[in-house]
Amino acid sequence: MDIFSVAVMLFLIMDPLGNLPIFASILRHIDPKKRRQVLIRELLFALVIMLSFLFAGEAILNFLNLRSESVSIAGGIILFLIAIKMIFPSPGGVAGLAAGEEPFIVPMAIPLMAGPSILAALILLAHTDSDRMGDWTIALVSAWAMSAVILMFYKLFTRILGEKGLIAVERLMGMVLVMIAVQMLLDGISNYLKTAAAI
């Protein structure tokens, strides 16, 4: 995969448009003067966490003695489940904060921005081609920056797209992510079968 396709994949997994209503709901109860400050802080926390998993991913897999095929298959399954949730969202919020309570890392940085799916994808990237860590870093930072811009202007995007527009875009992104997940799953199975046949 090239930098652009990886950046698009990570952007879809981060799902900033799907997170817009949740972020807006959380920020609504915070002092208007502190909203931007809180949002920037949480976005930076998310970036640091994702970079940590990107660079520590190879060490984690080596420690657990996992093969790239198993990681690819597991990553495909995780992405598929996330995509299904995007297409068929479940009711109920994920914030769990009291009115006026300021979020700190949870739930905005984790799991909304740096959730299990994005962390699994970053570990997979690090394990698949550890010689291209610079490319993966550029792709991650690019995807994070695009997501950050959308979330920073959450009021504008919410007003332009409306509630139905946000739902439609999120489901479209979910469909694209389903295709990426299936391809990742097929690649993992194919590589496993080739390795097994060689043995």
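Definitions and limits used
Residues numbered from 1 in each chain as written. Predicted model: local features only at pLDDT ≥ 70, side-chain atom pairs only at ≥ 80, totals over all residues. Heavy atoms only, no water. Salt bridge = Lys/Arg side-chain N within 4 Å of Asp/Glu carboxyl O. Buried < 20%, exposed > 50% of the residue type's maximum accessible area, 1.4 Å probe, protein only. UniProt positions renumbered as here; feature names shortened; annotations may be inferred. Helix = DSSP H or I, 4+ residues; strand = E, 2+ residues; numbered from the N terminus. Axes fitted to C-alpha atoms, helices over the stretch in contact; angles between N-to-C directions. Parallel < 35°, antiparallel > 145°, perpendicular 65-115°, else oblique. Left-handed = near helix turned anticlockwise from the far one by under 90°. Contact = heavy atoms within 4.5 Å. Nonpolar A, V, L, I, M, F, W, Y, C, P; charged D, E, K, R; others polar.

A word on the pattern of salt bridges
Enumeration according to the criterion identifies two salt bridges in this entry. In this structure, the salt-bridge partner of Glu 42 is Arg 41, at a minimum N-O distance of 3.1 Å. For Glu 42, a relative accessible area of 1% translates into the label buried. Between Arg 132 and Asp 135 there is a salt bridge, with its nearest N and O atoms 3.0 Å apart.

With respect to the UniProt feature "transmembrane region" (unreviewed entry) in the protein
Those residues carrying the UniProt feature "transmembrane region" (unreviewed entry) are residues 6-27, 39-61, 73-97, 104-124, 136-154 and 166-186 in this numbering. Within the segment residues 39-61, helix and strand shares are 100% and 0% respectively, and the terminal C-alpha atoms sit 32 Å apart. Here residues 104-124 runs as 71% helix and 0% strand, with 27 Å between its end C-alpha atoms.

Re the packing of helix H2 (residues 16-28) against helix H8 (residues 154-198)
One can describe the packing of H2 onto H8 by two numbers: an axis separation of 8 Å at closest approach and a directional angle of 135°. By the angle between their directions, the pair H2 and H8 is classed as oblique. Here H2 and H8 pass one another in a crossing that is left-handed. Touching Pro 16, Leu 17, Gly 18, Leu 20, Pro 21, Ala 24 and Leu 27 of H2 are Tyr 154, Phe 157, Leu 161, Leu 166, Val 169, Glu 170 and Met 173, all from H8. Of the residues assigned to the contact of H2 with H8, the class counts are 12 nonpolar, one polar and one charged.

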